[in-house]
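Residues per chain are reported as follows:
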Amino acid sequence: MNTLNSEAFALFGQHILWSDMVGNLFGLAALALGWRRSIWTWPVQFLAGLILFGAFFGHLTGSAGKQAVVMVVALYGWWQWQRGTGQGEDGHIAVRFATWRERAAMAAAAAAGTVAVALLFTAYPTLSWDPWPDAYIFVGTVVAMYAQARGMVEFWFAWLLVDLVGVPLNFANGYAFSGFVYVIYGALVLWGLRDWWLRSRQAARPTLEGAPA
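Just so we're clear, the structure is a prediction, and the values are computed from it rather than from any experiment. (Residues numbered from 1 in each chain as written. Predicted model: local features only at pLDDT ≥ 70, side-chain atom pairs only at ≥ 80, totals over all residues. Heavy atoms only, no water.)

Asker: Tell me about the confidence of the model for the chain, residues and numbers included.
Answerer: Put simply, the chain has an average pLDDT of 80, and 77% of its residues get 70 or more. Low pLDDT, under 50, characterises residues 206-213; the stretch is placed with zero contacts to residues that sit more than four places away or in other chains. (pLDDT = per-residue confidence, 0-100. Contact = heavy atoms within 4.5 Å.)

Here is the structure:
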């Protein structure tokens, strides 16, 4: 992993690491595949997590741990979408808005998880560069991926909330390429949100009796 953690190039005074660049490019591809509701979003996300795990392991244990969790959730997402493929009218996964109960559960899990992880990072400073923002991104990423695995439109809202903290945090801590990619994530998230939103409305629209299927 020494080669992956070496500098690829400098951009605007920021040092770009190979591992940071390659891992986040895979992450960007995974998000684009998620927008298209392709099941390949999950193995690509797993590969991105594996590369970023190597980038962080040994000096940012908390961030490496986050990537390990991301890989586990990617396996869960693959399993969920394998079961749900074909539910949509076009043969892909069907998407929907979460119920209010599901939204409340995810919000509560995100809040409690952020506090718990931040306290863990605070107690063991070697786990994180900045406990509270890092915990927020950690837990927010897991919640977003869970919502994606369940085909919930709220997945995109969760990613937007992660981006709001992820962009400045990555720039501040030397992971410039991650920061740039999070900016692109923001644009993809808005397009993906619109697409899933419209699809969920079409799926919920009742078919009139006698109308062509």
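Now that the structure has been shown, we can carry on.
Asker: Help me get a handle on helix H6 (residues 154-172), residues and values and all.
Answerer: Over its 19 residues, H6 extends 28 Å from the first C-alpha to the last, a length consistent with the 27 Å expected when each residue adds 1.5 Å. The largest bend in H6 is about 30°, located at Asp163. Those residues of H6 that fall on the buried side of the exposure criterion are Glu154, Phe155, Trp156, Ala158, Trp159, Val162, Asp163, Gly166, Val167, Leu169 and Asn170. (Helix = DSSP H or I, 4+ residues; strand = E, 2+ residues; numbered from the N terminus. Expected span 1.5 Å × (residues − 1). Bend = angle between axes of the 7 residues up to and from the residue. Buried < 20%, exposed > 50% of the residue type's maximum accessible area, 1.4 Å probe, protein only.)

Asker: Any chance you could break down the side chain of Thr114 for me, citing the residues and the numbers?
Answerer: Relative to the assigned elements, Thr114 resides in helix H4 (residues 100-123). Leaving out residues up to four positions away in the same chain, Thr114 has contacts with Trp132, Ala135, Tyr136 and Val139.

Asker: For a nonpolar patch on the surface, give the residues involved together with the corresponding values.
Answerer: A cluster of nonpolar side chains, Phe26, Leu47 and Leu50, forms an exposed patch at the surface whose accessible area comes to about 220 Å². Relative to the elements of secondary structure, Phe26 occurs in helix H1 (residues 18-35). On the basis of relative accessibility, which here comes to 31%, the residue Phe26 falls in the partly exposed class. (Patch = residues over 30% accessible without salt bridge, like charges linked within 9 Å, V, L, I, M, F, W, Y side chains within 5 Å. Areas by Shrake-Rupley, 256 points an atom, 1.4 Å probe, with all protein chains shown as cover. Salt bridge = Lys/Arg side-chain N within 4 Å of Asp/Glu carboxyl O.)

Asker: Talk me through H4; I want residue IDs and the actual numbers.
Answerer: The terminal C-alpha atoms of H4 lie 34 Å apart, and with 24 residues this matches the ideal 34 Å at 1.5 Å per residue to within 8%. Among the residues of H4, those classed as buried are Met106, Gly113, Thr114, Val117, Ala118 and Phe121.

Asker: Provide a residue-level description of the packing of aromatic side chains, including the pertinent values.
Answerer: If you walk through the whole model with that rule in mind, you get twelve aromatic pairs. Between Trp35 and Trp191 the ring centres are 6.2 Å apart and the planes differ by 25°, which places this aromatic pair in the stacked class. On the criterion of sequence distance, the pair formed by Trp35 in helix H1 and Trp191 in helix H7 (residues 176-204) is long-range, its members being 156 residues apart. The class for Trp35 is partly exposed, based on a relative accessible area of 21%. Between the aromatic rings of Phe97 and Trp197, the centroid separation amounts to 5.1 Å while the plane-to-plane angle is 85°, which identifies the pairing as edge-to-face. One end of the pair, Phe97, is in the loop between helix H3 (61-84) and H4; the other, Trp197, is in helix H7, and 100 residues separate them in sequence. Using a relative accessible area of 35% as the deciding quantity, one classes Trp197 as partly exposed. An aromatic cluster is defined as three or more aromatic residues linked by ring pairs; in this entry it consists of Trp42, Trp81, Phe155, Trp156 and Trp196. (Phe/Tyr/Trp six-rings, centres within 6.5 Å; stacked < 30°, edge-to-face > 60°.)

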